[in-house]
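If you want the building blocks of each chain, they are given just below.
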Amino acid sequence: MEVMEAPFAQEFVRMAYEGWKQGWHECNGGNLSYRLRSEEIAQVAECLTPGEWREVGEGAKAPGVAGELFMVTAAGSFFSNMERVPERCAGIIEVDASGTRFRQCWGFAEGGRPTSELPSHLLNHESKKAATDGSSRVVYHAHPANLIALTFVLPLEGKAFTRELWKAISECALVFPQGVGVLEWMNPGSVELGRASAELIREHDAVVWAHHGLICSGDTFDAAFGLLHTIEKASEVLVKVRSMQPTMESFITDDNIRTMSEAYGLGIKL
Ligand code: 13P
Ligand code: ZN
C-alpha cells in the first residue's frame, strides 16, 4: 500500500497536527519519530527507495536501533503543513548495522532531510527500546509555552521540578509516577543533548529541556501525546497560580501522593 494509506503513517500525521492545534509547534518547532513494526515495514516495502548512507551526527552511535526503520519529521518542516503535504514534512529512514548512519527511504520531498534533532530521537529510542523490552515506539519533542515558562522559575533539577508538577493536578502522579528528568539549557540538535536526554529518559518518560521544551516517549502515539499534554496542563495551572499569588493556600501534599501511590500501585517513594 501507499505509505500514507498505512495506519501508522496516518496516526503519525494526526498526532503532529493535533500538536500544532495545541500551539506547541510554532514555525518549525518540534519533531516526532516512530519506530516501525516489522508488519508495518512489510505494508509499505514496495514504496521504499533507499538513498545514500549518511552520518546521524558527529560521534552519535545508537547500535541498539541498528537496522530499524523510523518515520520522522523533516528538518525545518512546519507541523501546520503535516496533513496537507506529509511526504514533504516527514519521511522514513533506515538505520545501518552500526547505528551511526541512516538512509532516507521515503518522503522528505523537495530535497528534505530528517529533523536536526535526529541524534536525540535515535539515542532516546535506543534507551527506551532497551528499558521497555521493545514496547516503546514513539519519541516526541515539542515547545509548550507554560512548561518552558516554568524552566525560568523552578530549580532545574528533576525531583524538585517533578514535585511542583505533581502538586498541581492529581492526574500527574498517575500519568508519570516516575517523574520527569530535567536538563539545563543545551545546544539544540547537538549529540550532547541527545546523549544527556537518553540517559534521563531511561528512567523517566519525559525530559524537560530548559528554555526550549520537552522530549517524551511512549508505546503509542496516544501515550506520548497524552504525557506531554498532562505535563503542559499542570504547567499551565502552576503558571496561573503563581501569577495570582506567590504562595499556595493548599496543594497536593506528600501524604496525598502517598495515598494515591498506595491506591493505584504507583510505586512512588517520597
Ligand atoms: P527541526 O525543524 O530540525 O526538527 O528543529 C526544530 C526543533 O524544535 C529543534 O529543537
Ligand atoms: Zn526544539
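Note: the structure precedes this text.
Report follows, based on the coordinates. (Residues numbered from 1 in each chain as written. Chains lettered and ligands numbered in written order. Predicted model: local features only at pLDDT ≥ 70, side-chain atom pairs only at ≥ 80, totals over all residues. Heavy atoms only, no water.)

What follows is about the sheet that holds strand β6 (residues 138–142). Backbone-to-backbone hydrogen bonds pair the strands of a sheet. The strands run either parallel or antiparallel. A sheet is described by the order of its strands in space; here nine strands give the open sequence β2-β5-β4-β3-β1-β6-β9-β8-β7, paired in mixed fashion. Single-partner strands in this sheet number two, and they are β2 (54–55) and β7 (181–183). For strand β8 (residues 206–209) and strand β9 (residues 213–218), the ladder comprises four bridges, and the chain directions are antiparallel. Opposite Ala-206, over in β9, you have Cys-216 as the bridge partner. The sheet strands contacting helix α1 (residues 7–22) are β1 (31–35), β3 (69–73), β4 (90–95) and β6, and the helix crosses β1 at an angle near 155°. (Pairing = 2+ DSSP bridges. Helix = DSSP H or I, 4+ residues; strand = E, 2+ residues; numbered from the N terminus. Contact = heavy atoms within 4.5 Å. Axes fitted to C-alpha atoms, helices over the stretch in contact; angles between N-to-C directions.)

Taken together, Asn-28, Gly-29, Gly-30, Asn-31, Ala-75, Gly-76, Thr-115, Ser-116, Glu-117, His-141, His-143 and His-212 form the complete shell of residues around ligand 1. Taking Asn-28, its side chain carries an N or O atom lying 2.7 Å from an oxygen atom of ligand 1. Taking His-212, its side chain carries an N or O atom lying 3.0 Å from an oxygen atom of ligand 1. The class makeup of the residues in the shell around ligand 1 is one nonpolar, 10 polar and one charged. (Near = heavy atom within 4 Å. Polar contact = N/O pair within 3.5 Å; in protein donor to acceptor, adjacent residues only side chain to side chain. Nonpolar A, V, L, I, M, F, W, Y, C, P; charged D, E, K, R; others polar.)

Ideal geometry at a metal centre gives angles of 109.5 degrees when four donors are arranged tetrahedrally and 90 or 180 degrees when six donors are arranged octahedrally. Within the protein, His-141 (NE2), His-143 (NE2) and His-212 (NE2) serve as the donor atoms for the zinc ion (ligand 2), at 2.0 to 2.1 Å. Motif for the zinc ion (ligand 2), donor spacing along one chain: H-x1-H-x68-H. Among the residues examined, His-141 registers a relative accessible area of 1% and is labelled buried. Judged by its relative accessible area of 15%, His-143 is buried. (Donors = N, O, S within 2.8 Å, 3.2 Å for Na, K, Ca; no water. Buried < 20%, exposed > 50% of the residue type's maximum accessible area, 1.4 Å probe, protein only.)

A few words on the side chain of Glu-40. Structurally, Glu-40 is set in helix α2 (residues 38–44). Although buried, Glu-40 forms no salt bridge, and the nearest oppositely charged side chain, Arg-37, lies 4.0 Å from it. (Lys, Arg positive; Asp, Glu negative; His and termini not counted. Salt bridge = Lys/Arg side-chain N within 4 Å of Asp/Glu carboxyl O.)

Attention shifts here to the environment of Asp-133. Considering the arrangement of structural elements, one finds Asp-133 in the loop between α4 (118–131) and β6. It is 21 Å that separates the C-alpha atoms of Asp-133 and Gly-265, two residues lying 132 residues apart in sequence.

Tallied over the entire structure, the rule returns five aromatic pairs. An aromatic cluster is built from Phe-8, Phe-12, Tyr-34 and Phe-221, whose rings are joined through pairwise contacts. A cation over a ring is seen here: Lys-167 above Phe-251, with NZ or CZ 4.7 Å from the ring centre. (Phe/Tyr/Trp six-rings, centres within 6.5 Å; stacked < 30°, edge-to-face > 60°. Lys NZ or Arg CZ within 6 Å of the ring centre and 35° of its normal.)

Turning next to unusual backbone geometry. Its identity is not glycine, yet Cys-27 carries a phi of approximately 50°, on the positive side. Even without being glycine, Glu-110 reaches a positive phi, approximately 65°. Take Glu-110: it is sitting in the loop between β5 (101–107) and α4.

To continue, consider the environment of Thr-49. Along the chain, Thr-49 turns up in the loop between α2 and β2. Apart from residues lying up to four places away in sequence, Thr-49 is in contact with Gln-104 and Cys-105.

A few words on the environment of Leu-266. Within the secondary structure, Leu-266 is located in the segment after α10 (254–264). Taking C-alpha positions, Leu-266 is 22 Å from Gly-134, a pair spaced 132 residues apart along the chain.

Taken together, the buried positions of helix α8 (residues 191–201) are occupied by Val-191, Leu-193, Gly-194, Ser-197, Ala-198 and Ile-201. Looking down the long axis of α8, one finds its buried residues gathered within 155° of arc, a one-sided arrangement. Turning to α8, the residues buried within the fold contact α4, β7, β8 and β9. (Arc of directions from axis to C-beta.)

Here we come to the pairing of β9. Across the six residues that make up β9, a large majority, six, are buried. Neither face of β9 is exposed, since Gly-213, Ile-215 and Ser-217 on one face and Leu-214, Cys-216 and Gly-218 on the opposite face are all buried. In textbook terms, the turn of a hairpin is the stretch between consecutive antiparallel strands, and for β8 and β9 this stretch comprises three residues, one of which, His-211, has a positive phi near 55°.

Within the structure shown, the criterion is met by 13 salt bridges. For the salt bridge of Asp-205 with Lys-128, the shortest nitrogen-to-oxygen distance reads 2.6 Å. In this pair, Asp-205 is assigned in the loop between α8 and β8 and Lys-128 in helix α4, connecting sequence segments 77 residues apart. Using a relative accessible area of 23% as the deciding quantity, one classes Asp-205 as partly exposed.

Moving on, we get to helix α6 (residues 158–168). For α6, a buried count of eight out of 11 residues is recorded, marking the element as mostly surrounded by other parts of the structure. If you check which residues of α6 are buried, you get Gly-158, Phe-161, Thr-162, Arg-163, Glu-164, Leu-165, Trp-166 and Lys-167. Elements in contact with the buried residues of α6: α5 (145–150), α7 (170–175), β7, β8, α9 (221–244) and α10. The N-terminus of α6 is capped by Glu-157, whose side-chain oxygen sits 3.1 Å from the backbone nitrogen of Lys-159.

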